[in-house]
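Chains, contacts and geometry: an overview
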Amino acid sequence: MDYKSEYLHPQFEALSREELEKLQIERLQATVRHCMNSPFYKQRFEECGLKPEDIKSLDDIRKIPFTTKQDLRDTYPFGMASVPLTKCVRLHSSSGTTGNPTVILHTQKDLDEWANAVARCLWMVGLRPDDVFQNSSGYGMFTGGLGFQYGAERLGALTVPAAAGNSLRQIKFIKDFGTTAIHAVPSYVTRLYEVMREQGVDPRRDTKLKVLAIGAEPHSEEQRKRIEDMLGVKAYNSFGMSEMCGPGVGFECKEQNGLHFWEDYYIVEIVDPETLEPVPDGEIGELVLTTLNREAMPLLRYRTRDLTRVLGRTCPCGRNHIRLDRMKGRSDDMIVLRGVNIFPIQIEKILMQFEELANNYLITLTTDEDNDNMTVEVELDKFDDDYGRLQKLEKEIRRRLKDEILLTPFVRLVPKGSLPVSEGKAVRVVDKRTVYQ
Ligand code: ADP
Ligand code: ZN
């Protein structure tokens, strides 16, 4: 099966803005009508007096109330469904560490469309049926597993469902099967590279790797560059979330100038998280997404809490799907320390500019004698026992961090391998502050 198969619709990739918007309004109207089958949306629409025929233009989307993660929790498990459960063939669920988990339901058509979207992303960055695609992310409920699995199969690549962890086995697969492309979370890619180095494997000489899809967690441009240099590959940013199926929502093209969000699948809005009014292109706000082709569980104006901005609506690659900046983080990832707002990604950006430093770091917040402090622990790339040199380096890191975040954190340089590594998304912040409220 190749990209021109009956399942895929390459013609949607090259639509003009005008054609895209025409398609969007048709699909939005159909989605709103379909949402009347969901007990949740039916009630919502009744409460605000909204009728499907009120949606006449794309701007009318603003008449629709937002949907939040809390709504998904409140309707757990199946209260959002727009089709009978007998039509659903799979569900994905988030962990639910902070309350009810959330559930996302899929019909077979939803799964097919999702696979198409992921296949489109991979095709865009050069993958073809003769590629060997190793998926080194978690499987199971984590959508990066099955999402990329079916997408790469749809494209026709030979897939290696390696799953996360067990780096020695991963490296053996890469070498034995001639893996050309990998999907993994960026923090795991750097770990994989460390193990390659320990094993004397040179990715450029000993592997056929050329393309990486990295995503599922915020990472800086500096981190991406490091990954590209380490492995001698092109690494493309992949954005997804379970509520929107999973991966395949936004992906960089070969220009690497932002993530194309597929506007035949989603309506993208960027709003001010306080006022909920749209912000102008170029300004940072909260990403709000409306699904346009979902059957089991369409979501209208879903507040993702991810912060980003519009970079453009055209691209030298020929695709006119909106381009968004890499995510700055989620609004709930923001650290507020002594009244200053800081995103972990700002710290990463600085650390990654020091070649003496390895890739793993941890930010710890503490309260010491009524003062809130930040300590940044970061691993050294090479063992060094020259105290003077280390002190100088530490001081320079503090200075650069202060320029970026406007606060001076404590910096601790630690030996490589001493900070925790997670197989899934990296945990970058530990908050041990005492809360006086
Ligand atoms: P969970 O909500 O439990 O983390 P998901 O896998 O659905 O589970 O996570 C989706 C979230 O992951 C997004 O809302 C976003 O915050 C983050 N994310 C996904 N891809 C990226 C990416 N490429 N860059 C930054 N953040 C990302
Ligand atoms: Zn492009």
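A brief structural summary.

**Considerations on the pattern of salt bridges**
In the structure shown here, the tally under the stated rule is 36 salt bridges. The salt bridge involving glutamate 295 is made with lysine 87; its shortest N-O contact spans 3.6 Å. Here glutamate 295 is found in the loop between β11 (285–291) and β12 (302–308), whereas its partner lysine 87 is found in the loop between α3 (69–74) and β1 (88–93), with 208 residues between them in sequence. Here lysine 87 falls in the partly exposed class, since its relative accessible area comes to 43%. In this structure, the salt-bridge partner of glutamate 377 is arginine 412, at a minimum N-O distance of 2.8 Å. Linking glutamate 377 in strand β19 (residues 371–380) with arginine 412 in strand β20 (residues 410–414), this pair joins segments that are 35 residues apart in sequence. Using a relative accessible area of 14% as the deciding quantity, one classes glutamate 377 as buried. By relative accessible area, arginine 412 is classed as partly exposed at 45%.

**Topic: the site of ligand 1**
Ligand 1 sits among 17 residues. The nearest are Asn237, Ser238, Ser242, Asp306 and Lys425. Contact distances for ligand 1 include 2.7 Å between a nitrogen atom and a side-chain N or O atom of asparagine 237. Note that an oxygen atom of ligand 1 is positioned 2.5 Å from one of the side-chain N or O atoms of aspartate 306. If ligand 1 stood free it would expose 570 Å²; the protein chains cover 87% of that surface. With 3 residues, strand β7 (residues 234–239) is the single largest residue contributor to the shell around ligand 1. Residues that form the shell around ligand 1 fall into these classes: 6 nonpolar, 5 polar and 6 charged.

**A closer look at the nonpolar core**
Note on soluble globular proteins: their nonpolar side chains tend to be buried together. Counting 68 residues, the largest nonpolar core has Leu122, Phe251, Phe261 and Leu287 as its most contacted members. Here this core takes 9 residues from helix α4 (residues 108–124), the largest share from any one element. Core analysis: the next-biggest nonpolar cluster, separate from the first, contains 25 residues, Ile347, Tyr361, Met374 and Leu401 among them.

**Concerning unusual backbone geometry**
Following tyrosine 76, the chain continues to proline 77 via a peptide bond in cis, the omega torsion being -5°. Mapped onto the fold, proline 77 is located in the loop between α3 and β1. With a phi angle near 50°, asparagine 166 is a residue other than glycine that sits in the positive phi range. With respect to the helices, strands and loops of the structure, asparagine 166 is situated in the loop between β4 (158–160) and α6 (167–176). You will see that glutamine 256, though not glycine, has its phi angle at about 50°, which is positive. Structurally, glutamine 256 is set in the loop between β8 (250–252) and β9 (259–261). Looking at glutamine 256, the relative accessible area reads 19%, which means it is buried.

**A short note on a nonpolar patch on the surface**
Together, Phe78, Leu85, Leu91 and Met141 make up an exposed nonpolar region whose accessible area comes to about 330 Å². In this fold, phenylalanine 78 is placed in the loop between α3 and β1.

**Here's the deal with the sheet that holds β11**
An order of β10-β11-β12-β15 is seen for the 4 strands of this open sheet, with the pairing classed as antiparallel. Each of the sheet's edge strands pairs with one partner strand only, and the pair in question is β10 (266–271) and β15 (329–330). As defined by bridge partners, β12 adjoins β15 across 2 bridges and the pair is classed as antiparallel. When the sheet's bridge partners are listed, leucine 307 is paired in β15 with glycine 329.

**Digging into helix α11 (residues 387–405)**
In this model, α11 (19 residues) spans 27 Å end to end at C-alpha, consistent with the 27 Å of a helix rising 1.5 Å per residue. Looking at where α11 begins, the residue whose side-chain oxygen comes 3.1 Å from the main-chain nitrogen of glycine 388 is aspartate 386. With its phi angle positive at about 70°, leucine 406 sits one or two positions after the end of α11.

**Notes on the coordination of the zinc ion (ligand 2)**
Protein ligation of the zinc ion (ligand 2) involves Cys253 (SG), His260 (NE2), Cys315 (SG) and Cys317 (SG), the donor distances falling in the range 2.1 to 2.3 Å. Here the zinc ion (ligand 2) binds 4 donor atoms, and the angle range of 102 to 114° at the metal identifies the geometry as tetrahedral. In terms of primary sequence, the donors binding the zinc ion (ligand 2) are separated according to C-x6-H-x54-C-x1-C. With histidine 260 in strand β9 and cysteine 315 in the loop between β13 (310–312) and β14 (323–324), this residue pair connects regions lying 55 residues apart in the sequence. By relative accessible area, histidine 260 is classed as buried at 0%.

**Some points on the pairing of strand β2 (residues 103–107)**
Within β2, 5 of the 5 residues are buried, which leaves it mostly tucked inside the rest of the structure. Where burial is concerned, the two faces of β2 agree: the one with Val103, Leu105 and Thr107 and the one with Ile104 and His106 are both buried. For β1 and β2, the ladder comprises 5 bridges, and the chain directions are antiparallel. Counted as the bridge partner of histidine 92 is isoleucine 104 from β2.

**Topic: the sheet that holds strand β21 (residues 429–432)**
Read from one edge to the other, the open sheet built from 4 strands follows the order β20-β19-β18-β21, with strand pairing classed as mixed. Edge strands, defined here as strands with exactly one partner in the open sheet, are β20 and β21. Going from strand to strand, the sheet's axes swing by 20° on average, the running direction of each strand aside. Here strand β18 (residues 357–368) runs beside β19; their pairing, made up of 9 bridges, is antiparallel. When the sheet's bridge partners are listed, threonine 366 is paired in β19 with asparagine 373.

Criteria and thresholds
- Along each chain, the written sequence defines residue order, and numbers are assigned to residues from 1.
- Naming scheme: in the order in which they are written, chains are lettered from A and ligands are numbered from 1.
- Only residues with pLDDT of 70 or above have their local features reported here, since the model is predicted, and side-chain atom pairs are shown and tallied only from 80 upward, although totals for entire chains, interfaces and linings are computed over all residues.
- Excluding hydrogens and water, the side-chain values take into account all heavy atoms of the structure.
- A pairing counts as a salt bridge when a side-chain nitrogen of Lys or Arg comes within 4 Å of a carboxyl oxygen of Asp or Glu.
- The secondary structure listing takes helices from DSSP runs of H or I that are at least 4 residues long and strands from runs of E that are at least 2 residues long, numbered from the N terminus.
- Here the term buried applies to any residue with accessible area under 20% of the maximum for its type, exposed to any over 50%, and partly exposed to those in between, with areas from a 1.4 Å probe on protein chains only.
- Proximity is defined per residue: if any heavy atom of the residue lies within 4 Å of a molecule or strand, that residue is considered near it.
- Counted as a polar contact is a pair of N or O atoms within 3.5 Å, where, for protein atoms, one must be capable of donating a hydrogen and the other of accepting one, and residues adjacent in sequence contribute only when both atoms are in side chains.
- Per-residue accessibility takes into account occlusion by the displayed protein chains alone, with areas from the Shrake-Rupley method and a 1.4 Å probe.
- Residue classes follow a fixed rule: Ala, Val, Leu, Ile, Met, Phe, Trp, Tyr, Cys and Pro count as nonpolar, while Asp, Glu, Lys and Arg count as charged, and any other residue, Gly among them, counts as polar.
- Only buried Ala, Val, Leu, Ile, Met, Phe, Trp, Tyr and Cys residues count toward a nonpolar core, and they belong to the same one when joined by side-chain atoms within 4.5 Å.
- Grouping into patches uses exposed residues only, defined as over 30% relative accessible area, and leaves out salt-bridged ones; the cut-off is 9 Å for like charges and 5 Å for nonpolar side chains (Val, Leu, Ile, Met, Phe, Trp, Tyr).
- In this analysis, strands are considered paired if DSSP registers two or more bridges between them.
- Residue count minus one, scaled by 1.5 Å, sets the expected span of a helix.
- Metal donors: N, O and S atoms at distances within 2.8 Å, or within 3.2 Å for Na, K and Ca, with water omitted from the atom set so that some sites may seem incomplete.
- Angular criteria define each label, namely tetrahedral for four donors with all angles between 85 and 135 degrees, square planar for four and octahedral for six donors with opposite donors over 155 degrees apart and remaining angles between 65 and 115, and irregular for whatever fails these tests.
- Angular values range over 0 to 180 degrees, each being the angle between N-to-C directions of two axes fitted as lines to C-alpha atoms, with helices fitted over their stretch in contact.

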